[in-house]
Amino acid sequence: MGSIDHDDLIQILEIVGHSDIDEFRLELGELKLFLKKSSAAHADRASGMPVPERTETASLTERAEPSEERTTSSGASGEVLPETRGEPESREPAKVTGYTAIKAPLLGTFYRAPKPGAPPFVTEGQSVIEDDTLCIIEVMKLFNTIKAGIKGTIKEICAEDGQLVEFDQTLFWVEEDPKQELREAQA
Amino acid sequence: MGSISRVFVANRGEIALRIIRACREMGIESVLGVSNVDKNSLPAKMADRVVCIGPHPPLQSYLKVGTLITAALGTGADAIHPGYGFLAEQPELGEACMHNGLIFIGPKPENIRQMGDKLVAREMVRDLGVPVIPGSELVHDAKEAGAMAEKVGFPVLLKAAAGGGGKGMKMVRNPSELKSVFEEASAEARAAFGDDRIYIEHLIANARHIEVQILADRYGNVIHLFERDCSLQRRYQKMVEEAPSPAVTSDMREKITQAAVAIAQHVNYENAGTIEMVLDQDQGKFYFLEMNTRIQVEHPVTEMITGKDLVKEQIRIASGNPISFTQEEISIKGHAVECRINAEKPDANFMPHPGRILSWTPPEGHGIRIDSHCYSGYFVPPYYDSLLAKLITTGVNRSKAIHRMEDALANFDVKGVETTIPFYRKVMNHPDYLNGRIHTRWVEEVFLNR
């Protein structure tokens, strides 16, 4: 066994997620995997380590190269972050654990409504389900519809209508429905 | 077209930094588009504004025309500088700029298109009376290639019409290997460039790579900034460049620079460009190779001997200004040598060696210039080219410049990643190099075949 692929990682995340383990470390040759649950992650806040807003945090580095990023799951369901010691991301506003960031999958112009003057897709405080459209990101007349991907409540809209949003910029903070999380974990 | 007040830099690494610095000196704001792994790079720290254009694969960030245009418009830029590589020689970026009211800091799309097709460029140049290498014609199949190869004489080079910059070339030494190499070459050309047209050239054994830097504005002014010698290559990739060339006589210089100016004038060229030539050292003849429609990696050696800033000149020309000096106002002052310091293991067939630079201590002093985006602690990502720095030294003459290079290389300390510095130290001490007795396959013959 020399390496871990995408499916293996998902399985590890699930097993650790269901267990009582707070921290999990795995080293296979040059590959290092470090998982920490949110209860344990709280302790790291004081030390200045960036902690993502998910119940499970996975950090996967290969060949001990900190910038090697591996996205193991799409959108909002579980984030994989590189080990960014020394240069923490300062852009993201600090948020209470339990909120999920919906991030821009591409750079473009952010639109909250299907057309000018129309009511917005969503407003703060509104409940959404996976298939609900949250916004549109336009790149050169190509309109990309961004769906919620999760069930929950929109807590904050972080981008302005008609403005440029960058790749990976947080657009929405969503408070997830706990039942939804359970269902996801069982899937 | 009006003046430029904010430039969107559509590149990364040392050339992004080079463009940002030029903008600063001109009082122009810079916006840098970065992939997510370049967010903390030195150019990102230097730019007035940074936007993340996508994830690290170039196809999802640095090569996305629509994204770059959207980012430039969304950040209020009025021009885009493409640097070299990535989209620099894709006419689509210039066209998209035109359609969106942005200035492309580079040649017109039709210039890029004309010169991008190496076969079209060759025919046009030949019609101007500039010599091209014997054999250069389109061949449709292995049989036709065989007949052409016999005519021009083995060994020959099979070249992709859509190639260039040393890519898409294959050597054939004798008729028996022609069929298989032809099929390989056209399959590779199709995969790499989406165009499987192949042409044949006689391989010049004792060749030097000489190129002429030109500048052209929209008022019909075309001037040359003399030649660079880029003969020290490994697998057609340049490693050491210098200006002027030790192999070019003043008579030859007159001929090649006039040919370069004539080519640029003929196509109504605009902005900076380079006419690449092959010098057959046995015959004392030069031939047109290709034209590069961008700023080149090795432009600093020209800047060092002429005292002119080529990137600033590019921006001035793109703003609609005439070239800020005349042919008569420039001359060759001294000599300049450049080594491309790459994150590669010279002893392991120059295998790329990305990773964390633990310490970065470049040489300093009179006559030393370093164009680099590296610093202690910088992580060299494995997704892009391995160029760490361009080390340029100058001197009143060639031997003084080389001597200074030797010293600079000895005092260039990099820890954490392996670099090509030890290799260049050997080159700078080699009698062949010191005496100017090299050719384009010298590195392979002297260093790699043992």
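What counts and how
Residues numbered from 1 in each chain as written. Chains lettered and ligands numbered in written order. Predicted model: local features only at pLDDT ≥ 70, side-chain atom pairs only at ≥ 80, totals over all residues. Heavy atoms only, no water. Contact = heavy atoms within 4.5 Å. Buried area = accessible area lost by both parts, 1.4 Å probe. Polar contact = N/O pair within 3.5 Å; in protein donor to acceptor, adjacent residues only side chain to side chain. Helix = DSSP H or I, 4+ residues; strand = E, 2+ residues; numbered from the N terminus. Nonpolar A, V, L, I, M, F, W, Y, C, P; charged D, E, K, R; others polar. Salt bridge = Lys/Arg side-chain N within 4 Å of Asp/Glu carboxyl O. Core = buried A, V, L, I, M, F, W, Y, C linked by side-chain atoms within 4.5 Å. Buried < 20%, exposed > 50% of the residue type's maximum accessible area, 1.4 Å probe, protein only. Domains from an automatic or database assignment.

On to the interface of chain B and chain A. Interface size is commonly expressed as the accessible surface area that is lost when the partners come together. Counting from both sides, the interface comprises 27 residues of chain B and, opposite them, 16 residues of chain A. Counting each side, the surface lost to burial between chain B and chain A is near 1,800 Å², with a carbon and sulfur contribution of 57%. Area buried by chain B at its contact with chain A is led by B:C52, B:T70 and B:F379, which between them contribute 27% of it. In this assembly, chain B and chain A are joined by 2 residue pairs in polar contact (both at pLDDT 80 or more). Listing elements by their share of the side of chain B that touches chain A, those giving two or more residues are β3 (49–54) and α3 (65–74) of chain B. Within the side of chain B that touches chain A, the residues separate by chemical class into 13 nonpolar, 10 polar and 4 charged.

All names here are of chain B. On inspection of all chains with the given rule, the structure shows 36 salt bridges over all chains. Between R18 and E303 there is a salt bridge, with its nearest N and O atoms 2.7 Å apart. With R18 in helix α1 (residues 13–25) and E303 in helix α10 (residues 299–306), this residue pair connects regions lying 285 residues apart in the sequence. In the salt-bridge network here, residues are joined through shared partners; they are E211, R228, K238, E241, E276, E298 and R340.

Take the environment of A:V165 next. Within the secondary structure, A:V165 is located in strand β11 (residues 164–165). Every residue in contact with A:V165, bar those within four places of it in the chain, is listed here: A:A104, A:L106, A:L107, A:G108, A:F110, A:I137, A:A159 and A:L171.

Here we come to the nonpolar core. Residues and elements named next belong to chain B. Ranked by size, the top nonpolar core spans 59 residues in total, and within it I4, F8, I80 and L215 carry the most contacts. Here this core gets 6 residues from one element, more than from any other, and that element is α1. Here this core spans two domains, since at least three of its residues come from each of domain 1 (6–105) and domain 3 (207–447). When neighbours within four sequence positions are excluded, I80 is seen to be in contact with F8, A10, L68, I69, A72, L93, C97, L102, I103, F104 and I105. Counting 35 residues, the second largest nonpolar core, distinct from the first, contains I341, Y378, F412 and I421.

What follows concerns the domain arrangement of chain B. Residue and element names in this part refer to chain B. Partitioning chain B into structural domains gives domain 1 (6–105), domain 2 (134–202) and domain 3 (207–447). The C-alpha-based centres of domain 1 and domain 3 are spaced at 23 Å. On the domain 3 side, the residues contacting the 33 residues of domain 1 number 30 residues. Carbon and sulfur atoms make up 62% of the surface buried where domain 1 meets domain 3, a total of about 2,400 Å² over both sides. Looking at the side of domain 1 facing domain 3, the largest losses of area belong to E14, R18 and Y84, adding up to 26% of the total buried there.

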